[in-house]
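So the chains spell out like this:
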Amino acid sequence: MLHQMPKQCVSCNRLLSTCTPIDSTCIPSTNCVPKHQVNEIVLSCLFLETMWARSRTFFFTVTLMYVTLFHSCCSQEDVVEFDQEDVDRVVLESFNCHENPALAVAVVKDGKVLLSRGYGTFGKDTNKPVSNSSVFGVASLTKGFTSTVFLKLLLEKTNLTVNSPIRKLLGDEFQMVDQVRTQEASFADLLAHKMGIPDNNMLRFDPNFTRENLLKRLPYMNSSGTFRANYYYSNMMYGLVARLTELLGNSSWEQLVTEQLLRPLGMDSSTFASVADFNREDIVTAYEKLDSNFVKVHPEFSRRWAQLPGSGSFMTSANDMAKWMNFHLSGGRNSQGDAVVPEKVLTEINQPRFYAGNELCKEIDLTQFPLSCSDNIFCFGLRSGHYRGYQRLTHTGSTRGYRAVVSLLPTHKVGVFLALTNKDDLFKYRNPLLMYLTDRALGFRSWLNISTICSYPKPWKNTSSPSNQTGLVDYQLHHEYSIYEGTYFNTLYGSLTIHYNKSLSSLEMNYGWGRWTLKPISSGAAQQFHAQGLDINQVYNTKPISFLYSDPGTIRAINATGFVPLQPPIFDKMASSLNSSSQIVHGILEHLLLMTLLLCLMNV
């Protein structure tokens with residue numbers, strides 16, 4: 001390995017703590033260095049580091065020339081004050097070019113709030129403006145709260161650590177699909193998504209599935225990945241962490257988060273979708289755009305979906321999230337300087353744990369963009385990576401009607417939070433706005449502006465978002481409706497029914513409190529269906545759903561790939577629901593034969 005080169009491989013603003021030539025930290029800011037010079041600079045870094053290993057005298061001579069060469073361009077980028085009025089103008093104009101009815105923004109630095117604002121209106125049918133105290137769902141940002149409370153209680157209530165086996169707390173009550181996971185799985189495996197078990201989100205539609213009986217369903221959750229080797233993001237596992245939190249704290253997860261975090265931090269507007277009064281005047285209406293129309297997400301859908309807490313139930317405001325970010329950046333203290341959690345709890349949470357691949361930074365690389373970033377290591381409820389060469393902790397959140405993101409730069413005490421209504425596919429709005437606000441908080445003239453925030457990822461990269469259209473080609477069913485009708489059963493999921501809906505002139509699928517029409521989306525032998533949501537789950541579609549045959553014309557099961565693509569559950573058709581006309585006739589004949597035999601016996 002080459003020797004560590006001293007800190008003269010500079011960015012435009014500061015000397016770097018390390019120099020790794022293959023990393024963007026060796027590339028001066030593109031605000032003052034033309035993009036075509038980037039490769040030359042990287043090669044210069046490689047050359048200088050190599051020569052450092054060979055000759056220190058030569059190194060210092062060339063370094064002086066190197067720094068002098070770039071001084072003229074690098075001196076152009078001075079520290080720029082955070083001009084709240086200018087930043088607010090950019091956010092507002094970029095908001096107007098996106099299809100999101102409402103937006104919340106909070107930016108903090110060094111314990112101070114640089115910006116906390118709301119944009120847009122509470123709904124498409126009202127002019128009531130969103131403010132910095134308006135409440136949005138933040139989906140998976142919830143995991144940060146769950147991790148914090150759980151680790152705090154684990155420290156206070158037990159002698160266990162994050163690496164202790166779960167069985168140390170639960171005993172034989174904890175059973176997984178195999179003995180390796182049963183015996184070895186630790187709390188850290190749950191928190192860092194190391195279980196290798198696909199998410200089973202559709203279980204939320206089962207009214208018999210609760211946080212209390214989640215443990216009984218675990219043995220039936222099949223694995224499609226290797227334990228501690230494959231990253232499988234799982235809301236179910238965070239639901240289990242929430243349940244463990246309840247057992248440790250002897251109270252509901254919602255109450256424990258309130259007592260342990262929200263109240264001490266003064267996060268008075270925050271609530272939980274599982275228990276929220278959606279008639280509150282400060283809760284912003286959730287929207288999803290379908291077929292070019294904005295559709296309200298039914299509050300009852302949000303409430304039922306959130307009954308498995310810990311993974312996505314939290315609702316909050318810009319003001320409250322400013323407090324949450326400063327809490328993290330201050331080592332666990334509130335605005336009065338009081339310790340809310342021990343600093344070592346946050347140190348544990350922020351520790352990189354497991355390779356997860358990039359999410360926000362998936363599309364960003366130096367071959368196309370002026371700079372690079374990463375967010376490919378999962379911690380506990382946060383991802384670890386870098387932006388502009390600085391360590392960054394992030395997490396995104398997506399649920400029906402709401403999208404969110406939070407970003408923390410611990411060494412610079414900078415935090416940015418965004419929440420919005422409607423979709424944000426491929427992070428086309430959250431990501432550029434997040435980076436712009438981070439730049440401004442750091443004191444940089446951002447490489448992004450109103451135009452590029454609106455066009456992102458263009459002009460650097462062309463991508464296409466998933467279509468919001470639900471319109472489907474009108475394929476014909478292969479059989480009569482009666483062939484599909486019946487009750488189907490899966491050990492993990494329970495019962496699912498298919499019947500003909502006369503008013504809709506289509507097949508209807510019912511699972512728990514969810515209803516969907518089934519529309520054929522192919523015409524081949526293995527015909528597949530799109531399940532289009534109805535009633536309160538109108539905004540929740542899934543596909544594909546397909547039927548399995550024992551012989552032509554006889555359906556034996558449903559393959560619900562749309563439920564869990566990595567490990568599709570198979571619902572077997574129950575014998576009592578085999579109700580085709582031939583089977584009905586056969587049953588009648590059997591009944592007549594039995595009656596005849598009984599009459600004969602009576603006559604004897």
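Everything quoted here is computed from the prediction, not taken from an experiment.

Further remarks concern the overall build of the protein. Assigned secondary structure in the protein consists of 17 helices and 21 strands. Out of the 604 residues in the protein, the part that is buried amounts to 55%. Counting contacts in the protein only where the partners sit at least 6 residues apart, residues at least 24 apart contribute 63% of the total. For the protein, the exposed surface amounts to about 26500 Å²; the carbon and sulfur share of it is 51%.

The strands making up a sheet are joined through hydrogen bonds of the backbone, oriented either antiparallel or parallel. Around the barrel, which closes on itself, the eight strands sit in the order β14-β15-β16-β17-β18-β19-β20-β21 with antiparallel pairing between neighbours. Going across the sheet, the axis of each strand differs from the next one's by a mean of 35 degrees, ignoring polarity. The pairing of strand β17 (residues 514–520) with strand β18 (residues 528–533) spans five bridges and is antiparallel. The residue bridging Pro520 from the neighbouring strand is Phe529, located in β18.

Below, the discussion takes up the nonpolar core. Counting 121 residues, the largest nonpolar core has Ile498 and Phe563 as its most contacted members. No other element matches the eight residues that helix α9 (residues 235–249) contributes to this core. Two domains share this core, each providing at least three of its residues, namely domain 1 (84–442) and domain 2 (481–573). If near-sequence neighbours (up to four positions away) are discounted, Phe563 is found in contact with Met202, Tyr493, Leu496, Met509, Tyr511, Thr542, Ile545, Pro569 and Phe571. Val105, Val107, Tyr429 and Leu437 belong to the second largest nonpolar core, which has 40 residues in total.

Moving on: the pattern of salt bridges. Under the counting rule described, the total for this entry stands at 26 salt bridges. Two residues, Arg167 and Asp172, come together in a salt bridge whose shortest N-O distance is 2.6 Å. Overlapping salt bridges bring together Asp86, Arg89, Glu93 and Arg440 as one network.

What follows is about the side chain of Asp320. As for its position among the elements, Asp320 is in helix α12 (residues 318–329). Buried charge without a partner: Asp320 forms no salt bridge, and the closest opposite charge is Lys323, 4.2 Å away. One polar contact links the side chain of Asp320 to the main-chain amide nitrogen of Asp268, over a distance of 3.5 Å. Those residues within four positions of Asp320 in sequence are excluded, and the remaining contacts are Gly266, Met267, Asp268, Ser269 and Ser270.

With that out of the way, let us pick up the packing of aromatic side chains. A full pass over the atoms with the stated rule returns 35 aromatic pairs. Between Trp305 and Tyr540, the ring centres sit 5.1 Å apart and the planes meet at 45 degrees, which makes this aromatic pair tilted. Here the residue Trp305 occupies a position in helix α11 (residues 299–305), and Tyr540 occupies one in the loop between β18 and β19 (542–551), the gap between them amounting to 235 residues. Here the aromatic cluster, defined as three or more aromatic residues joined through ring pairs, consists of Phe145, Trp253, Phe272, Phe314, Trp324 and Phe327. In this arrangement the basic side chain of Lys124 is found over the ring face of Phe294, its NZ or CZ atom lying 4.4 Å from the centre. Geometry around Tyr238 places Lys143 over its ring, the cationic atom sitting 5.6 Å from the centre.

Moving on, we get to the sheet that holds strand β3 (residues 136–137). With antiparallel pairing, three strands are arranged side by side in an open sheet as β3-β7-β4. Whereas interior strands pair on both sides, the edge strands pair on one side only; in this sheet they are β3 and β4 (271–272). In this sheet, strand β7 (residues 314–316) lies alongside β3 in antiparallel orientation, the contact comprising two bridges. Pairing of Phe136 across the sheet is with Thr316, part of β7.

What follows deals with the side chain of Ser234. Counting through the fold element by element, Ser234 comes out in the loop between α8 (214–217) and α9. Engagement of the side chain of Ser234 in a polar contact is seen with the backbone nitrogen of Met236, the distance being 3.4 Å. Residues within four places of Ser234 in sequence aside, it is in contact with His193, Ile197 and Asp199.

Our next topic: α12. With 12 residues, α12 should cover 16 Å at 1.5 Å per step; its first-to-last C-alpha distance of 16 Å lies within 8% of that length. Along α12, 10 of the 12 residues are buried, which leaves the element largely enclosed by surrounding structure. Taken as a whole, α12 has its buried residues at Ala318, Asp320, Met321, Ala322, Trp324, Met325, Asn326, Phe327, His328 and Leu329. Gly331 lies just past α12 and shows a positive phi near 80 degrees.

Attention now moves to helix α3 (residues 84–96). Spanning 13 residues, α3 covers 18 Å between terminal C-alpha atoms, matching the ideal 18 Å at 1.5 Å per step. Every buried residue of α3 is accounted for by Val87, Asp88, Val90, Val91, Ser94 and Phe95. In an axial view of α3, the angular spread of the buried residues amounts to 160 degrees, which keeps them on one side of the axis. When the buried face of α3 is taken as reference, the exposed residues oriented beyond 90 degrees from it are Glu85 and Asn96. Of the surrounding elements, those touching the buried residues of α3 are β1 (102–109), β2 (112–120), α14 (430–442) and α15 (450–455). One side-chain oxygen at the N-terminal end of α3 lies 3.1 Å from the backbone nitrogen of Glu85; it belongs to Asp83.

Scoring rules and cut-offs
Residues numbered from 1 in each chain as written. Predicted model: local features only at pLDDT ≥ 70, side-chain atom pairs only at ≥ 80, totals over all residues. Heavy atoms only, no water. Helix = DSSP H or I, 4+ residues; strand = E, 2+ residues; numbered from the N terminus. Buried < 20%, exposed > 50% of the residue type's maximum accessible area, 1.4 Å probe, protein only. Contact = heavy atoms within 4.5 Å. Areas by Shrake-Rupley, 256 points an atom, 1.4 Å probe, with all protein chains shown as cover. Pairing = 2+ DSSP bridges. Axes fitted to C-alpha atoms, helices over the stretch in contact; angles between N-to-C directions. Core = buried A, V, L, I, M, F, W, Y, C linked by side-chain atoms within 4.5 Å. Domains from an automatic or database assignment. Salt bridge = Lys/Arg side-chain N within 4 Å of Asp/Glu carboxyl O. Lys, Arg positive; Asp, Glu negative; His and termini not counted. Polar contact = N/O pair within 3.5 Å; in protein donor to acceptor, adjacent residues only side chain to side chain. Phe/Tyr/Trp six-rings, centres within 6.5 Å; stacked < 30°, edge-to-face > 60°. Lys NZ or Arg CZ within 6 Å of the ring centre and 35° of its normal. Expected span 1.5 Å × (residues − 1). Arc of directions from axis to C-beta.

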